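Residues per chain are reported as follows:
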There are 6 protein chains.
Amino acid sequence: MIYITRRERFSAAHRMFRQDWSDERNLEVFGKCSNPNWHGHNYILWVTVKGEQPENNSFVMNLNILKTIINEKVIEKLDHRNINLDVSFMKDKISSTENLAVAIWDELKPEIEKNGVLLHCVKIEETENNFIEYYG
Amino acid sequence: MIYITRRERFSAAHRMFRQDWSDERNLEVFGKCSNPNWHGHNYILWVTVKGEQPENNSFVMNLNILKTIINEKVIEKLDHRNINLDVSFMKDKISSTENLAVAIWDELKPEIEKNGVLLHCVKIEETENNFIEYYG
Amino acid sequence: MIYITRRERFSAAHRMFRQDWSDERNLEVFGKCSNPNWHGHNYILWVTVKGEQPENNSFVMNLNILKTIINEKVIEKLDHRNINLDVSFMKDKISSTENLAVAIWDELKPEIEKNGVLLHCVKIEETENNFIEYYG
Amino acid sequence: MIYITRRERFSAAHRMFRQDWSDERNLEVFGKCSNPNWHGHNYILWVTVKGEQPENNSFVMNLNILKTIINEKVIEKLDHRNINLDVSFMKDKISSTENLAVAIWDELKPEIEKNGVLLHCVKIEETENNFIEYYG
Amino acid sequence: MIYITRRERFSAAHRMFRQDWSDERNLEVFGKCSNPNWHGHNYILWVTVKGEQPENNSFVMNLNILKTIINEKVIEKLDHRNINLDVSFMKDKISSTENLAVAIWDELKPEIEKNGVLLHCVKIEETENNFIEYYG
Amino acid sequence: MIYITRRERFSAAHRMFRQDWSDERNLEVFGKCSNPNWHGHNYILWVTVKGEQPENNSFVMNLNILKTIINEKVIEKLDHRNINLDVSFMKDKISSTENLAVAIWDELKPEIEKNGVLLHCVKIEETENNFIEYYG
């Protein structure tokens, strides 16, 4: 098995927020991350796929195909957007990095696995001090 | 002259937007940076001060004082905020990184220069591929 | 399972040194890392916890609580300290990064696991070219 | 088990290329990576070994020995070289990062495992956006 | 005056080499950088322009235009190329980073300065330990 | 004029401390940086030289010579040392990064300027959030 990772980036606004809570309750639980006028991040996304080394000794998955899938399924929907308001696959979910990682996994898995590899990990860095990893 | 630089960070939402233009015109000029529902960044701020080496051979400016000034005057007002809506010193300005650098310069200069040094440069990185420097 | 990682930093002095060896023997085995007058590093610490995605769709562990535990149990005891002389949990141990990782694991595990997650990994970078990972 | 990682770097030229294909076919499959006059990268290599914590509480493997093995077996053969033309252990292989990772694993494993540890992972970054991991 | 910097990257092969010298002489002066079969780098390029803050409070230069100019004039000609063999503006020049910086300056200056700003600096990083700056 | 920068690193222990002050006074002024048992850093050093582009179109200064001078005059004396106790050129000086930058400038200038270039800047990063620049 060989593991291949592609890094992409997106800049987005969001707010930690539960619709069934008041603004006060949201601020109490989520602190400044619940600012009603939003804040934002330069998110960094690493997508890792794994596959067998092919007989003809070439690459496990064409990185251009991987890059295209990530851009079409994820980056174009998230980059320069509001995660809470603009992103169909985050609708009705709290916009935590945990939920974002799981949703991106679900977006990518079927398309990536048409290419003879397995999706292994979705990693998202929210700030230089925090990141999330999800392995399905 | 010795130059001392302190790095700080803030995560904020914003939108490139002129109030006297329609949404269409804003999108035409500013592109995806004008998304009406906002987007955001992890901004990195470097503040450089300069001063003479003191006779008693110690430091030019106490970094804890510099850090405190930057945090009180800038970071607390910008971090986890919306630059267009929440930040008094950006009111009625387009929230470009250029304008942000000039406004931060104006916020910091009087307070920093009470400490026997000169403010030399405000540098702001918006993404890993773009940054602005302002020297007054 | 979702994995959450928090990065923290500490700057500390240390010396590779076995008390039952002479300075000569220490220098022979540990080289310049055994300089009798100490040397030091900007250590970077990554603490990874893992947990189930909660039913209410929020975060696996509150990062502010994780940050507070790491700071109280580890950073305050190590930052701007001498690892060999000042740190109770490194007493009578060689101050290798390996030992540091295991000791930090032991410090953090009980406190972190009161929060419904498992401690997964302690990673310490000593220089940009060397790091240690410990999974218990 | 404790995991120790050493980072090294090499700058090399290469070309994605199958000798049994025409230049046209190579360009069609590999794109600009198949430029007949070569291109190149600053490759970053991380080698991770794992071992038990020794009774005498010292380090799992002497990093100077690990560094020497990586330099003699890998870096001296790849740095400032052409991977397709100059590197014996890449002869008759496509110079993909996947193949490079497997070949470096094979070069390092016997020498490293003479030191009472196991080779755990070879990771190679080709650009800041792509890396490969191989665990044997 | 406000300074705006855009970062771009290119991966290229090259060889330090004077055509009027023998291979031996080239190796003697340039060392491993003169390997006859080439080597390569991930070059990082920063282009800094400077201009007055406009009256309408918007940005000094549209970053999309700057990005397009750098890509058309520089990156497309250098990325995945051999600097000695494939790049018209480096013809008959030693492919040192110094010469590359001056040649890129000459390529960019006329096109950039049509946009009401001045080209201020071309910076090129060859490896993480070396970079060149040229201010015209 | 072309500017060339070389990056080097050293790991050292130090303590902010004036010998004519009591430990109490030192702790009051310098805080945790004055811990009597020392602390330490991974310092990063950038040395920038400037020179004219030579007629024969080659490099302004041989980077191997620059690297050798920095290593012999600075790194070997500071790396894995105690700045207060082990470094002759810091004797009787407060071990602030400011003083270190000036002392390194004085160490390097005569040796570097024998090579037909001028020393332009000494930059030292103490932590990822603080650095000093000195231009003579």
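Each value, and the rule that gives it
Residues numbered from 1 in each chain as written. Chains lettered and ligands numbered in written order. Predicted model: local features only at pLDDT ≥ 70, side-chain atom pairs only at ≥ 80, totals over all residues. Heavy atoms only, no water. Helix = DSSP H or I, 4+ residues; strand = E, 2+ residues; numbered from the N terminus. Buried < 20%, exposed > 50% of the residue type's maximum accessible area, 1.4 Å probe, protein only. Contact = heavy atoms within 4.5 Å. Lys, Arg positive; Asp, Glu negative; His and termini not counted. Charge placed at Lys NZ, Arg CZ, Asp CG, Glu CD. Buried area = accessible area lost by both parts, 1.4 Å probe. Salt bridge = Lys/Arg side-chain N within 4 Å of Asp/Glu carboxyl O. Polar contact = N/O pair within 3.5 Å; in protein donor to acceptor, adjacent residues only side chain to side chain. Expected span 1.5 Å × (residues − 1). Bend = angle between axes of the 7 residues up to and from the residue. Least-squares fit on C-alpha atoms with pLDDT ≥ 70 in both. Nonpolar A, V, L, I, M, F, W, Y, C, P; charged D, E, K, R; others polar. Axes fitted to C-alpha atoms, helices over the stretch in contact; angles between N-to-C directions. Parallel < 35°, antiparallel > 145°, perpendicular 65-115°, else oblique. Left-handed = near helix turned anticlockwise from the far one by under 90°. pLDDT = per-residue confidence, 0-100.

Draft legend 1. Representation of the overall build of chain A. Looking only at helices and strands, chain A has four helices and five strands in total. When the helices and strands of chain A are read in sequence order from the N terminus, they spell out β-α-β-α-β-α-α-β-β. Each of the three principal axes of chain A carries a C-alpha extent, and together these read 60 × 25 × 25 Å. For chain A, the proportion of its 136 residues judged to be buried stands at 57%. Partitioning the intrachain contacts of chain A with sequence separation of at least 6 by distance along the chain shows that 67% fall at a separation of at least 24. Counting 17 positive and 21 negative side-chain charges, chain A places the averaged centre of each group 2 Å from the other.

Draft legend 2. Broad picture of the interface of chain A and chain C. Of the residues lining the interface, 18 residues belong to chain A; the matching set on chain C comes to 17 residues. Both sides together, the interface formed by chain A and chain C hides about 1,500 Å², and carbon and sulfur atoms give 48% of it. Contact with chain C buries area across many residues of chain A, yet Glu 98, Asn 129 and Phe 131 of chain A alone supply 33% of it, more than any other trio. Taken together, the links from chain A to chain C amount to one salt bridge. Note that Glu 128 of chain A is salt-bridged to Arg 7 of chain C, the shortest N-O span being 3.3 Å. Run the count over chain A and chain C and you get seven residue pairs in polar contact (both at pLDDT 80 or more). Contributions of two or more residues to the side of chain A that touches chain C are made by helix 1 (23-30), helix 4 (97-113) and strand 5 (130-134) of chain A. Top contributing element to the side of chain A that touches chain C by residue count: strand 5 of chain A, with five residues.

Draft legend 3. Inspection of helix 4 (residues 97-113) of chain F at higher detail. All names here are of chain F. Relative to the 24 Å expected for 17 residues at 1.5 Å per residue, helix 4 spans 23 Å between its end C-alpha atoms, a close match to the ideal helical length. Along helix 4, the helix axis deviates most sharply at Glu 107, where the bend reaches about 25 degrees; the proline Pro 110 sits within four residues downstream. Of all the residues in helix 4, the buried ones are Thr 97, Glu 98, Asn 99, Leu 100, Ala 101, Val 102, Ala 103, Ile 104, Trp 105, Leu 108 and Ile 112.

Draft legend 4. Expanded view of the relation of the copies chain A and chain C. Taken as rigid bodies, chain A and chain C are interconverted by a rotation of 120 degrees and an axial shift of 0.0 Å, the fit giving an RMSD of 0.0 Å. Seen this way, the second copy is the image of the first under a three-fold rotation axis.

Draft legend 5. Quick peek at the interface of chain A and chain B. Across the boundary between the two partners, chain A contributes 24 residues, which contact 24 residues of chain B. Approximately 2,000 Å² of surface area, both sides summed, lies buried where chain A meets chain B, with 41% of it carried by carbon and sulfur atoms. Here chain A is connected to chain B by 23 residue pairs in polar contact (both at pLDDT 80 or more). Sorting the residues of the side of chain A that touches chain B by element identifies strand 1 (2-14), strand 2 (39-51), strand 3 (81-82), helix 3 (83-86) and strand 4 (118-127) of chain A as the ones contributing at least two each. Ranked by the residues each element gives to the side of chain A that touches chain B, the list is headed by strand 1 of chain A, at five residues. Its residues placed into classes, the side of chain A that touches chain B shows five nonpolar, eleven polar and eight charged.

Draft legend 6. How the structure looks around the relation of the copies chain A and chain B. With an RMSD of 0.0 Å, chain A superimposes on chain B once it is rotated by 180 degrees and translated 0.0 Å along the axis. The two molecules are tied by a two-fold rotation axis, judged by turn and shift. Counting the interface residues of chain A, we find that 100% of their copies in chain B are interface residues as well, pointing to one common contact surface.

Draft legend 7. Structural detail: the side chain of Glu 133 of chain F. Along the chain, Glu 133 of chain F turns up in strand 5 (residues 130-134). In this structure Glu 133 of chain F touches Ile 2, Tyr 3 and Thr 5 of chain B together with Cys 121, Val 122 and Lys 123 of chain F, once residues within four positions along its chain are discounted.

Draft legend 8. Region of interest: the environment of Glu 98 of chain A. By secondary structure assignment, the location of Glu 98 of chain A is in helix 4. Those residues in contact with Glu 98 of chain A that sit more than four places away from it in its chain are Ile 132 of chain A together with Ile 2, Ile 4, Phe 59, Val 60 and Met 61 of chain C.

Draft legend 9. Region of the structure containing the packing of helix 2 (residues 63-78) of chain C against helix 4 (residues 97-113) of chain C. Residue and element names in this part refer to chain C. At a minimum axis separation of 10 Å, helix 2 and helix 4 run at an interaxial angle of 140 degrees. It follows from the interaxial angle that helix 2 and helix 4 lie oblique. Regarding helix 2 and helix 4, the two cross each other, and that crossing is right-handed. Contacts between helix 2 and helix 4 involve Leu 66, Ile 69, Ile 70, Lys 73, Val 74, Lys 77 and Leu 78 from the former and Leu 100, Ile 104, Glu 107, Leu 108, Glu 111 and Ile 112 from the latter. For the contact of helix 2 with helix 4, the residue count by class is nine nonpolar, no polar and four charged.

Draft legend 10. Quick peek at the arrangement of the chains. A gap remains between chain B and chain C, with no contact made and the closest C-alpha atoms lying 15 Å from each other. One thing to see here is that chain D and chain F don't touch, and their nearest C-alpha atoms sit 15 Å from each other.

Draft legend 11. Inspection of the confidence of the model for chain A at higher detail. For chain A, per-residue confidence averages 94 on the pLDDT scale, and residues scoring 70 or more make up 98% of the total. Complex prediction metrics read pTM 0.97 and ipTM 0.95.

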